[in-house]
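# Per-entry structural report
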Amino acid sequence: MSACTPIRNDRSARSPHSSPASGIKRPHSPPPGRGRFRVSGADLSASITVFLIAVPMSLGLAVAMDAPLAAGLVSAAIGGIVAGALGGTPLQVSGPSAGLTVVTAELIQIYGWRTTCAITVAAGLLQILLGSLRAARSALAVSPAIVHGTLAGIGVAIALAQLHIVLGGAPQSSALDNALSLPASLARFEPAAPLIGALTIALLIAWPRLPGRIGASLGRVPAALAAVAVATAVAAVATPGIARVDLPSWHSHALPEMPKGPVAGLAAAVLTVMLVASLESLLAAVAVDKLAADRAATASKAEATPAPPKKADLDRELRAQGVANALSGLAGGLPVSGGAVRSSANVRAGARTRASTVLHGVWVLLAALLLVTALEWIPLAALAALVMMVGIQMVNFAHIRKVHRHREFLVYGATISGVVLVGVLEGVAIGIVVAVAVALHRLARTRITVTEKDGSHLISARGQLTFLAVPRLSRVLGRIPHGADVVVELDGFFMDHAAYEAIQDWYAAQTATGGRIEFTGRSGGRIAEPASAAHSCCRPWTPWRNHHCHDSAQDGVPAMSGSVSHPVTVKAPVAGSGDSPTRRGAHRLLSGLSSFQRTTAPLVRDELARLASEGQRPSQLFLTCADSRLVTSMITASGPGDLFTVRNVGNLVPPPDPEGASGNDDSVAAAIEYAVDVLGVESITVCGHSGCGAMQALLGAGQDDPGTPLWRWLRHGMPSLHRMRSRHHSWARIAGRMPTDAVEQLCLTNVVQQLEHLRAHECVARRLAAGTLQLHGMYFHVGEAQAYLLTEGASSGTGPDEVFARVAPEAEWEEPDPGSLDRLTPGAAVGA
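Let me begin by describing the structure that accompanies this report. (Residues numbered from 1 in each chain as written. Predicted model: local features only at pLDDT ≥ 70, side-chain atom pairs only at ≥ 80, totals over all residues. Heavy atoms only, no water.)

## Remarks on the packing of aromatic side chains
Given two aromatic rings, one states the distance between the centres and the angle between the planes to describe the pair. Per the stated rule, a full pass over the model turns up 4 aromatic pairs. Seen from their ring centres, Phe644 and Tyr674 are 5.8 Å apart, and the 40° between their planes marks the pair as tilted. One end of the pair, Phe644, is in strand S9 (residues 643–648); the other, Tyr674, is in helix H26 (residues 667–679), with 30 residues separating them in the sequence. Residue classification places Tyr674 among the partly exposed residues on the basis of a relative accessible area of 37%. (Phe/Tyr/Trp six-rings, centres within 6.5 Å; stacked < 30°, edge-to-face > 60°. Helix = DSSP H or I, 4+ residues; strand = E, 2+ residues; numbered from the N terminus. Buried < 20%, exposed > 50% of the residue type's maximum accessible area, 1.4 Å probe, protein only.)

## Some thoughts on a nonpolar patch on the surface
On the surface, Leu176, Leu180, Leu421, Val422 and Ile430 cluster together into a nonpolar patch covering about 460 Å² of accessible area. Following the sequence through the fold, Leu176 ends up in helix H7 (residues 175–180). (Patch = residues over 30% accessible without salt bridge, like charges linked within 9 Å, V, L, I, M, F, W, Y side chains within 5 Å. Areas by Shrake-Rupley, 256 points an atom, 1.4 Å probe, with all protein chains shown as cover. Salt bridge = Lys/Arg side-chain N within 4 Å of Asp/Glu carboxyl O.)

## Quick word on the pairing of strand S13 (residues 786–790)
Among the 5 residues that make up S13, 4 are buried, leaving the element largely enclosed by the rest of the structure. As consecutive antiparallel partners, strand S12 (residues 774–781) and S13 are separated by 4 residues, and within that stretch Ala785 has a phi angle of approximately 50°, a positive value. Pairing geometry for S13 and strand S14 (residues 803–806), over 3 bridges, is antiparallel. Each bridged residue has a counterpart across the sheet, and for Leu790 the counterpart in S14 is Phe804. (Pairing = 2+ DSSP bridges.)

## Concerning empty space enclosed by the protein
Counted according to the given criterion, the structure contains 3 cavities of 30 Å³ or more. Quantified by volume, the largest cavity comes out at close to 60 Å³. Every residue lining the largest cavity is listed: Val147, Thr150, Leu151, Leu275, Val276, Leu279, Glu280 and Val428. Elements with a contribution of two residues or more to the lining of the largest cavity: helix H6 (144–166) and helix H12 (263–301). Sort the elements by how many residues they give to the lining of the largest cavity and H12 lands first, with 4 residues. Looking at the lining of the largest cavity residue by residue, the classes come out as 6 nonpolar, 1 polar and 1 charged. (1 Å grid on protein atoms, 1.4 Å probe; cavity = no way out; pocket = protein on both sides within 12 Å on 5 of 7 lines; lining within 4 Å. Points joined across faces, edges and corners; volume = space filled by probe spheres on them. Nonpolar A, V, L, I, M, F, W, Y, C, P; charged D, E, K, R; others polar.)

## Overview of the sheet that holds strand S10 (residues 683–689)
Strand pairing in a sheet relies on backbone hydrogen bonds. The paired strands run either parallel or antiparallel. The mixed open sheet is built from 7 strands, whose spatial order is S9-S8-S10-S12-S13-S14-S11. Across the chains shown, the open sheet's two edge strands, defined by having one partner strand only, are S9 and strand S11 (733–734). Relative to S14, S11 runs parallel, the two sharing 2 bridges. Opposite Arg733, over in S14, you have Val803 as the bridge partner. Across the sheet, H26 is in contact with strand S8 (620–625), S9 and S10; its angle to S9 comes to roughly 170°. Of the strands in this sheet, S8, S10, S11, S12, S13 and S14 are in contact with helix H30 (residues 742–759), which crosses S12 at around 160°. (Contact = heavy atoms within 4.5 Å. Axes fitted to C-alpha atoms, helices over the stretch in contact; angles between N-to-C directions.)

What follows is the structure, encoded as structure tokens:
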């Protein structure tokens, strides 16, 4: 149930005459004043920050492209106003495309400036068409290694070209020529431009790192603006003759003309501009989405009021970029795309709506009209140094680590090399060819081996089982004697129909002759890697997912599908066995035990032997419900010896009863005393969960107590029910929202109440007073597979509110758990 869905029908909530002061909230009604352009203080300040970054960067990119300098300001203004107003990513800031620097410079050299403007218009129209066809998500299907390699190659080309301007020379037509001509530029070294460029680079690096209060105050000024301003001031005093910005009169501003040149070349140019600008914009939109989500999560933890922004509409964003490019080309501007640098600055500056993006474009337009004289004092070397740093930052070492970890560095390197040596479109094509070749190599790289021991055969198939592997698979299966006992280990993520039929036909033939076939899943290793490498990182101890597949074998047919990704064990049925519930339960138990002995026991045997000799030393006592859906070792990513677990119906902690007058069940108290005094645990967690049957029973309880053992136990939960209904306690909240219904409210309140019962135990109170024990409240939403922790103030009883905060997938703790699932790479398996 959605958090904004009313629990009960209330006609007054739908009344058009409801007063704002009535206290009735209409969750699905539009906000007041919809359609008006409202500007908050946060948006205004963020727009100024982005404007101060955008002006020098726009001029610098125009210098890098050898385009009219006014074109950079035109594209920045149109990108901010048009793409900002129409785009599907409200906080993304668009402007001159850094990714198209090399492409645009080459187009200007080949076709001239006015034809380049026409190419920009055509690329924009093509973007509008693709956005209307909803092709934006398809663009993100390109391998990230190709995308990051393309941007990195463009960054290398930008840095090489701008280095010539910093040295006081002029860039060549290609990245390779720029690299080869560097010695000649160094031989003609004149100190003025290099010193200004070096000063700019030093300020760009040092400005965000200034220490102390002065550094914090100065850090509010964008580093790009500070570096260019200081370099301009120094150049005005020390080198008055240095080359500077020369903004032509707007009366002589060049507008597009009809394209002139070979049709094939113009079509390739339009395709290149469209492809690079679209990918850069869509990748930036995804990055801005993540930044905005992270900021919203941080704000919700701090109980801030602003709501998180809506998720990006990539098709709308692509259409808006197309409109902006078409208008920019018509107005004589540079190609436009969403920029990661400007957009991230917008988010970090506190922008809330698209008003900041639009306002930044308005400020750029005013600067282009009113500040021409001031802008013409900027040295070209300072702008070149600024753009050179942008190019260097496009070679992202985090991306390099990711592609290396996913074994795609060959694709990444081939794309970079192609972009630098040949060109952007050619580099992308080379990257795609290499990516396809690598994928085919991995698809065909399936290792099938057979080992025999004591008359039983083990067939191990590691890799993807496709039609390419069927000939080898059939030869191996054909060598197995009829009627033999065989274990087939499928260590792969995919099985196509051809491989499935080959295995199924062989299975039917073997079982018909009395053979016993057993299918197992992955042993935990990666595809086509030795098992020794598979266990180099921590993982949960038990293969549990899809364990119900044990029951899917019928009439001796193996329970296999086209995708083999998790442990599956199927045995041929024993002759004469019935299908009674008792039989099924025994089979399920025996099958699970057999799977443990085969796959998990070899992995944990040494650790369990150590624990058997050293004894248990758990650091946590975990009190939770007996509900079968709550798997404590899974949700805490723990193993043997980590948790001392107490489970009961409703995760209840009866208050202490020293004299036994009330007839309390002492089993929970005994476990608490043993864990705290004997084992010396460092923390105790009380964990509730969604849909708890005990809480539902308490809510539905009548006046008459049935007097059964279950109800005698559930009376320990009555204080939680009274607490929820009391006006003296505030209702618990979960991740910044109210609970969806009364059951969830009672589940949350019960965790808080049981923590109070826990503090009343003498051994717990003594350790809390000594500061050697911590208490935690936890709520696990089963349907969402999401954990929530009670905030520290509430869990210790010092805060008035009871707030359960969401545990993020990449939460940072002071002492990270080495067994955390978050430490697994995406390519690693979850089950052992």
